[in-house]
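Architecture at a glance
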Amino acid sequence: VSGAVLLEREQLTSGTTWHTAGLLWQLRPSDVEVELLAHTRRVVSQELEQETGLHTGWIQNGGLFIASNRQRLDEYKRLMSLGKAYGVESHVLSPAETKTLYPLLNVDDLYGTLYVPHDGTMDPAGTCTTLTRAAAARGAQVIENCPVTGIRVRTDDFGVRRVAGVETQHGSIQTPCVVNCAGVWASAVGRMAGVKVPLVAIHHAYVVTERIEGIQNMPNVRDHDASVYLRLQGDALSVGGYETNPIFWEEAVKSRTRAAGGLCLKTSTVKGYIPWSDDLRRA
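By the naming in an unreviewed UniProt entry, the protein goes by Sarcosine dehydrogenase and is assigned to Aotus nancymaae.

1. Points about the overall build of the protein
Summing up its helical and strand segments, the protein has five helices and 16 strands in all. The buried share among the 283 residues of the protein stands at 37%. Counting every atom, the protein has about 15,900 Å² of accessible surface; 54% of that belongs to carbon and sulfur.

2. Let's talk about the environment of Glu 144
By the secondary structure assignment, Glu 144 is in the loop between strand S7 (141–143) and strand S8 (148–155). Taking relative accessible area as the criterion, Glu 144 reaches 35% and is therefore assigned partly exposed. In the structure, Glu 144 is positioned 133 residues away from Gln 11 in sequence and 5.5 Å away in space, judged by C-alpha atoms. What Glu 144 contacts, discounting residues up to four positions off in sequence, is Glu 8, Glu 10, Gln 11 and Leu 12. In terms of polar contacts, Glu 144 uses its side chain to reach the backbone amide nitrogen of Leu 12, at 2.9 Å.

3. Brief notes about the sheet that holds strand S4 (residues 91–93)
Two pairing modes exist for strands in a sheet, parallel and antiparallel, and in both the strands are linked by backbone hydrogen bonds. Sheet architecture is open: seven strands sit in the order S4-S5-S3-S12-S13-S14-S11, paired in mixed fashion. The open sheet has two edge strands, S4 and strand S11 (206–208), and neither has a second partner. Averaged over all pairs of adjacent strands, the angle between strand axes in this sheet comes to 20 degrees, irrespective of strand direction. Of the strand pairs in this sheet, S4 and strand S5 (residues 112–116) are connected by three bridges, and their pairing is antiparallel. Counted as the bridge partner of Val 92 is Leu 114 from S5.

4. With respect to helix H4 (residues 124–137)
The end-to-end C-alpha separation of H4 is 20 Å, in line with the 20 Å expected for 14 residues at 1.5 Å each. Of the residues making up H4, those classed as buried are Pro 124, Gly 126, Thr 127, Cys 128, Thr 130 and Ala 134.

5. Re the pairing of strand S9 (residues 161–168)
Taken together, the seven bridges between S8 and S9 define a ladder with antiparallel strand orientation. The residue of S9 that forms the bridge with Ile 151 is Val 166. Adjacent in sequence and paired antiparallel, S8 and S9 are bridged by five residues, among which Gly 159 carries a positive phi angle near 80 degrees. Two elements, S9 and strand S10 (residues 171–174), share four bridges in a ladder whose sense is antiparallel. Along S10, the bridge assignment pairs Gly 165 with Gln 174. Joining the antiparallel neighbours S9 and S10 is a turn of two residues.

6. So, the sheet that holds S10
Read from one edge of the open sheet, three strands run S8-S9-S10, paired in antiparallel fashion. Two strands in the sheet have a free side with no partner beyond their single neighbour: S8 and S10. Recorded for the sheet is a direction-independent mean angle of 30 degrees between the axes of neighbouring strands.

7. Considerations on the nonpolar core
Grouped together as the largest cluster of nonpolar side chains are 16 residues, with contacts concentrated most on Leu 64, Tyr 102, Leu 105, Ile 215, Val 221 and Leu 237. Of all the elements in the fold, those that place two or more residues in this core are strand S3 (63–67), strand S13 (228–233) and strand S14 (236–241). Top element by residues in this core is S13. It accounts for three residues. Apart from the residues within four sequence positions on either side, Leu 237 is in contact with Tyr 102, Val 207, Val 208, Thr 209, Ile 212, Ile 215, Leu 230, Arg 231 and Leu 232. One finds Trp 25, Tyr 76, Val 88 and Leu 114 within the second-largest nonpolar core, a separate group that totals 12 residues.

8. Quick word on a nonpolar patch on the surface
On the surface, a nonpolar cluster with roughly 280 Å² of combined accessible area is contributed by Trp 18, Tyr 206 and Val 208. Along the chain, Trp 18 turns up in the loop between strand S1 (5–7) and strand S2 (23–24). Looking at Trp 18, the relative accessible area reads 37%, which means it is partly exposed.

Reading the values: rules and limits
- Residues numbered from 1 in each chain as written.
- Predicted model: local features only at pLDDT ≥ 70, side-chain atom pairs only at ≥ 80, totals over all residues.
- Heavy atoms only, no water.
- Helix = DSSP H or I, 4+ residues; strand = E, 2+ residues; numbered from the N terminus.
- Buried < 20%, exposed > 50% of the residue type's maximum accessible area, 1.4 Å probe, protein only.
- Areas by Shrake-Rupley, 256 points an atom, 1.4 Å probe, with all protein chains shown as cover.
- Contact = heavy atoms within 4.5 Å.
- Polar contact = N/O pair within 3.5 Å; in protein donor to acceptor, adjacent residues only side chain to side chain.
- Pairing = 2+ DSSP bridges.
- Axes fitted to C-alpha atoms, helices over the stretch in contact; angles between N-to-C directions.
- Expected span 1.5 Å × (residues − 1).
- Core = buried A, V, L, I, M, F, W, Y, C linked by side-chain atoms within 4.5 Å.
- Patch = residues over 30% accessible without salt bridge, like charges linked within 9 Å, V, L, I, M, F, W, Y side chains within 5 Å.
- Salt bridge = Lys/Arg side-chain N within 4 Å of Asp/Glu carboxyl O.

Put into structure tokens, the structure is as follows:
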């Protein structure tokens, strides 16, 4: 990464990183994604700590996909076969086997589950800190409190628009390559170069439970049909998901709310909607 420069508009992890779930599920329908996730797991769980001496917060407590219909269970069987081809251990479990693995889970309406014992979670802030140290050791620069104000683009002899440089409040950087990692602000950064990024921000909520006896070391749970996840958080659960009627936040850049020095997406106007109500019966 020698020669790479990371420009951070404020401080690293002060945006949405600090409260992301940090879940890593290894199995996806795409073989490219399976390979990429396997690589990510190696980096996060082993290589970064060996290289930097810092811990990413990796916890290998396993992952559990639940199937509430026959079609979903068939999909999970295909995922297990794909995982086997790439060396990802996984097991399709019956409802009774699932209950043995996760006694607190309500399995009355389940057809089965897909269990991946080497899935887990990482600490988002810890992972970012570790990546930063590894990159700096290889010659990269990280500049905080340096928002990008513009991207210079030129047209070459063939009529192709190419990046020529980046403008900031503190000066310019000449470069032929820009990687847009701005998250919720990616669309705004793309517009600086005349590129439309198909990304919108939405209001999102997650809930952290009180202490639950017996929840320790239980796997994280994903219900694709209800679009919800249950993430182990010490002796409690973090419950999040993707609402079926999301509230789009089109003025994300202008209307952001600060909390603990970072970005907090406001969730005060939920119109009486209770997210993931279908899945509250799981506990």
